[in-house]
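The primary structure of each chain is shown beneath.
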Amino acid sequence: MDYKKLADLLFPNLPLTTQEIEKKYPPRKIKEGEIVSRYAPSPTGFMHLGNFFQMFISYALAKSSNGVEFLRLEDTDAKREKAEAKEVIYQILNHFGIKFNEYQTLDGKDIGAYGPYVQSQRADIYKAYAKKLVSEGKAFPCFCKKTEGKEDVVAQRAIKFKNDDEKEYDPCRNLTLEQVEEKLKANKPFAIRLKTKNDGSQRIVFNDLLKGDIEAKANAKDFILLKSDGIPPYAFAHAIDDTLMGTNLVVRGEEYISSTPAHLELFDALGFKHIQYCHNPLICKIDENGNRRKLSKRLDVEADMRYYITNGYPNDSIFEYLLTLLSSSFENWRSNNPNTRWQEFKFTPSNITAVAPICDLVKLNDISKTIISKMSASEVYENVLTWANEFDKPFAEYLTKNKKYAICVFNIDRETPKPRKDIYCWSMVKEYFSYMWNAPQTNELEDADETNYKEFIKAYADNFKLASSKEDWFNGVKELADKLGYATDNKLYKANPEAYKGNTAKACEFIRLALTGHKNSPDLYEIMTILGENEVKSRLNAVK
Ligand code: GLU
């Protein structure tokens, strides 16, 4: 067979040859140890936490090696493409402050010398390599149709043509040049398939950064390199793009391990050097029945990166949380370095965990509470305001008008040696401090306490004056409690509870209920000082 002639017949007018293309993509000038890695999302209108996790591994490894991290949009699957899907990716990455060294801007400008960074703009490159493989007898055209008569779905399937269990040779690999010519004359669409050189008996070994050497059966399938629309499925685009773009570490999900033998056969056929893989484990979740399963886009709201944005988690909380999932040594480092920025954590391939991490919102919330407890009230204010500007306009307006007051509210129990760890995301702030914005409409009073509550609050409201210190205030409460038959000595109360209406703690609980509606709240005296004498009086008087 004259393969060169076959290649010219299939691809008569390509603008560039592979030699010309390779001149445009010279090897990168990088130093020993510098990692060139990439994040290659498919724009589907959704970003899974696992996908972001993978980006973070690649990003952290490349950046901490002083290398290059680039963004490549893998938009070759037109069926999965959704309008605005690119915007979703950019918005999320932007929100988290991810800065790539190379990428294409939303309006189509390539930043970096190895673009275009969007696969749908690289069709001529893929065709040039397909032509090269055909001309070397390593690939062939396939004219099989999925459904007779439906030209548009031609040859997109993985044909199940099995000679035995081991290999899948496509019947079109045996077409003669004349037969191909005839079909082309009849305008039959064609896909390009790899002509595998294996017969199913070979095995290969490849190295994975996290899992070490992996032994697997070599590929023995004539898989598709170019679909009939000229667009490559993942494997072909991966081999070409990662090679031309100078990637030296491919971080991707472990679902790709099973197709790695096919990718490696392709690298060999193309004459490309293999690239180090790092297959990261998929994030799991423990379900209600205690079973481990994959974190699911369909079942789990927390699988969607937008969940963390709309709920207003600080970015640092998400990154620290991902680091705990990523590296077993991070938590230890964190407890030894409680006040160091997470960016200082030395992130290396050897401290990435190879086991499937478990997504656990309780854990994330704990991390986030600690992070927020270390912020100043002004920082909290700025963060809540930024969040509210996007997700709760009326609250943003309120905060803008009442800046000083809101900062005082956020400062309650904050500047102390042991600041309160209660807030974990900005969307909870409005409700959490609702009694600081408005008088409570309901309270958690227990029915049995009603008479004592009303009696105590009425007496407390009479001649109420805001005390000038916490101590004075507390002594005042004690005095009144004593007068009304409450124990001010807890030992006495415990020895004989029947003899009292309650103890001082009960009296404070009543005041707290009247002012906040809750049995528990941050420091009551601070709350009263911020609310001010008039507001406190009015809330006390509202208890009828
Ligand atoms: N577009 C592929 C995905 O989103 C990328 C896989 C890779 O990083 O190579 O799964």
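The preceding data block contains the structure.
Described below are features of the structure shown in this document.

Thresholds applied
- Residues numbered from 1 in each chain as written.
- Predicted model: local features only at pLDDT ≥ 70, side-chain atom pairs only at ≥ 80, totals over all residues.
- Heavy atoms only, no water.
- Helix = DSSP H or I, 4+ residues; strand = E, 2+ residues; numbered from the N terminus.
- Rg over C-alpha atoms; globule rule 2.2 N^0.38 Å.
- Areas by Shrake-Rupley, 256 points an atom, 1.4 Å probe, with all protein chains shown as cover.
- Lys, Arg positive; Asp, Glu negative; His and termini not counted.
- Charge placed at Lys NZ, Arg CZ, Asp CG, Glu CD.
- Axes fitted to C-alpha atoms, helices over the stretch in contact; angles between N-to-C directions.
- Parallel < 35°, antiparallel > 145°, perpendicular 65-115°, else oblique.
- Left-handed = near helix turned anticlockwise from the far one by under 90°.
- Contact = heavy atoms within 4.5 Å.
- Nonpolar A, V, L, I, M, F, W, Y, C, P; charged D, E, K, R; others polar.
- Near = heavy atom within 4 Å.
- Polar contact = N/O pair within 3.5 Å; in protein donor to acceptor, adjacent residues only side chain to side chain.
- Buried < 20%, exposed > 50% of the residue type's maximum accessible area, 1.4 Å probe, protein only.
- 1 Å grid on protein atoms, 1.4 Å probe; cavity = no way out; pocket = protein on both sides within 12 Å on 5 of 7 lines; lining within 4 Å.
- Points joined across faces, edges and corners; volume = space filled by probe spheres on them.
- Core = buried A, V, L, I, M, F, W, Y, C linked by side-chain atoms within 4.5 Å.
- Arc of directions from axis to C-beta.
- Pairing = 2+ DSSP bridges.
- Phe/Tyr/Trp six-rings, centres within 6.5 Å; stacked < 30°, edge-to-face > 60°.
- Lys NZ or Arg CZ within 6 Å of the ring centre and 35° of its normal.

A word on the overall build of the protein. Helix and strand counts for the protein come out as 23 helices and 13 strands. For 544 residues, the compact-globule formula gives about 24 Å, and the C-alpha radius of gyration of the protein, at 33 Å, lies well above that figure. Along the longest, intermediate and shortest principal axes, the C-alpha atoms of the protein span 110 × 45 × 40 Å. For the protein, the accessible surface area stands at approximately 27000 Å², while carbon and sulfur atoms represent 49% of it. Both charge centroids of the protein, one from 79 positive and one from 79 negative side chains, sit 2 Å from each other.

Moving on, we come to the packing of helix 18 (residues 450-461) against helix 19 (residues 470-483). Remark: helix 18 packs on helix 19, axes separated minimally by 11 Å, with the N-to-C direction vectors making an angle of 125°. Here helix 18 is positioned oblique relative to helix 19, judged by the angle of their axes. As helix 18 packs across helix 19, the resulting crossing turns out to be right-handed. Between helix 18 and helix 19, the residues in contact are Phe456, Ala459 and Tyr460 and Trp473, Val477, Leu480 and Ala481, respectively. Grouping the amino acids of the contact of helix 18 with helix 19 by side-chain chemistry returns seven nonpolar, no polar and no charged.

A word on the site of the ligand. Residues in contact with the ligand, as listed here, are Arg38, Ala40, Ser42, Gln54, Glu74, Tyr234, Val251, Arg252 and Tyr256. In the environment of the ligand, a nitrogen atom lies 2.9 Å from a nitrogen or oxygen atom belonging to the side chain of Ser42. With respect to the ligand, the side chain of Tyr234 contributes an N or O atom lying 2.4 Å from an oxygen atom. Surface burial for the ligand is 90%, taken as the share of its 300 Å² of free accessible area covered by protein chains. Residue classes in the shell around the ligand are distributed as four nonpolar, two polar and three charged.

Moving on, we come to unusual backbone geometry. In the segment running from Gly115 into Pro116, the intervening peptide bond is cis, with an omega of -5°. Structurally, the position occupied by Pro116 is in the loop between strand 4 (110-111) and helix 5 (123-135). Here the phi dihedral of Asn187 falls at roughly 60°; this positive angle occurs in a residue that is not glycine. Within the secondary structure, Asn187 is located in the loop between helix 6 (177-185) and strand 6 (191-194). In this structure, Asp413 takes a positive phi of about 60° despite not being glycine. The exposure class assigned to Asp413 is buried, which follows from its relative accessible area of 16%.

All chains considered together, the criterion is met by one cavity of 30 Å³ or more. The space that makes up the largest cavity amounts to roughly 70 Å³. Val380, Phe410, Ile412, Asp413, Arg414, Arg420, Asp422, Ile423, Phe433 and Pro522 together form the lining of the largest cavity.

Right, let's get into the nonpolar core. Core analysis: the biggest nonpolar cluster contains 107 residues, and Phe52, Phe410, Met436, Phe456 and Tyr460 have the highest contact counts within it. The biggest single contributor to this core is helix 3 (residues 49-64), with 10 residues. Of all hydrophobic cores here, the second largest spans 55 residues; its members include Tyr117, Ala139, Leu175 and Leu244.

Along helix 6, the positions that sit buried rather than exposed are Leu177, Val180 and Leu184. Along the axis of helix 6, the buried residues cluster in a sector spanning 65°; they form a single face. Exposed residues lying more than 90 degrees from the buried face of helix 6 are Glu178, Glu182 and Lys185. One or two residues past the end of helix 6 sits Asn187, with phi positive at roughly 60°.

Along the chain, the position of Ala235 falls in helix 7 (residues 234-244). Expressed as a C-alpha distance, the spacing of Ala235 and Ser434, which sit 199 residues apart in the sequence, is 54 Å. Aside from chain neighbours lying at most four places away, what touches Ala235 is Phe223, His263 and Leu266.

With that settled, consider the pairing of strand 5 (residues 139-142). Consecutive side chains of a regular strand alternate in pointing toward one face of the sheet and then the other. Residues Ala139 and Pro141 point to one face of strand 5 and Phe140 and Cys142 to the other, with burial holding for every one of them. In the sheet, strand 5 pairs with strand 6 via four bridges, with the strands oriented antiparallel. What sits directly across from Cys142, in strand 6, is Ala191.

Here the focus is the packing of aromatic side chains. In this description, an aromatic ring pair is defined by two values, namely the gap between the centres and the angle between the planes. This structure, assessed with the given rule, holds 37 aromatic pairs. Aromatic pair Phe395 and Trp437: ring centres 5.6 Å apart, planes at 65°, arrangement edge-to-face. On the criterion of sequence distance, the pair formed by Phe395 in helix 14 (residues 393-401) and Trp437 in helix 17 (residues 434-437) is long-range, its members being 42 residues apart. Assigned by exposure class, Phe395 and Trp437 land together as buried. With a centroid separation of 5.4 Å and an interplanar angle of 70°, the aromatic rings of Tyr398 and Trp437 are classed as edge-to-face. In this pair, Tyr398 is assigned in helix 14 and Trp437 in helix 17, connecting sequence segments 39 residues apart. What makes Tyr398 partly exposed here is its relative accessible area of 25%. A relative accessible area of 12% places Trp437 in the buried class. Three or more aromatic residues link up through ring pairs in this structure, and these residues are Phe395, Tyr398, Phe410, Tyr432, Phe433 and Trp437. The ring of Tyr169 carries Arg173 above its face, with NZ or CZ at 4.0 Å from the centroid. Above the face of the Phe46 ring, Lys297 is positioned so that its terminal group lies 4.6 Å from the ring centre.

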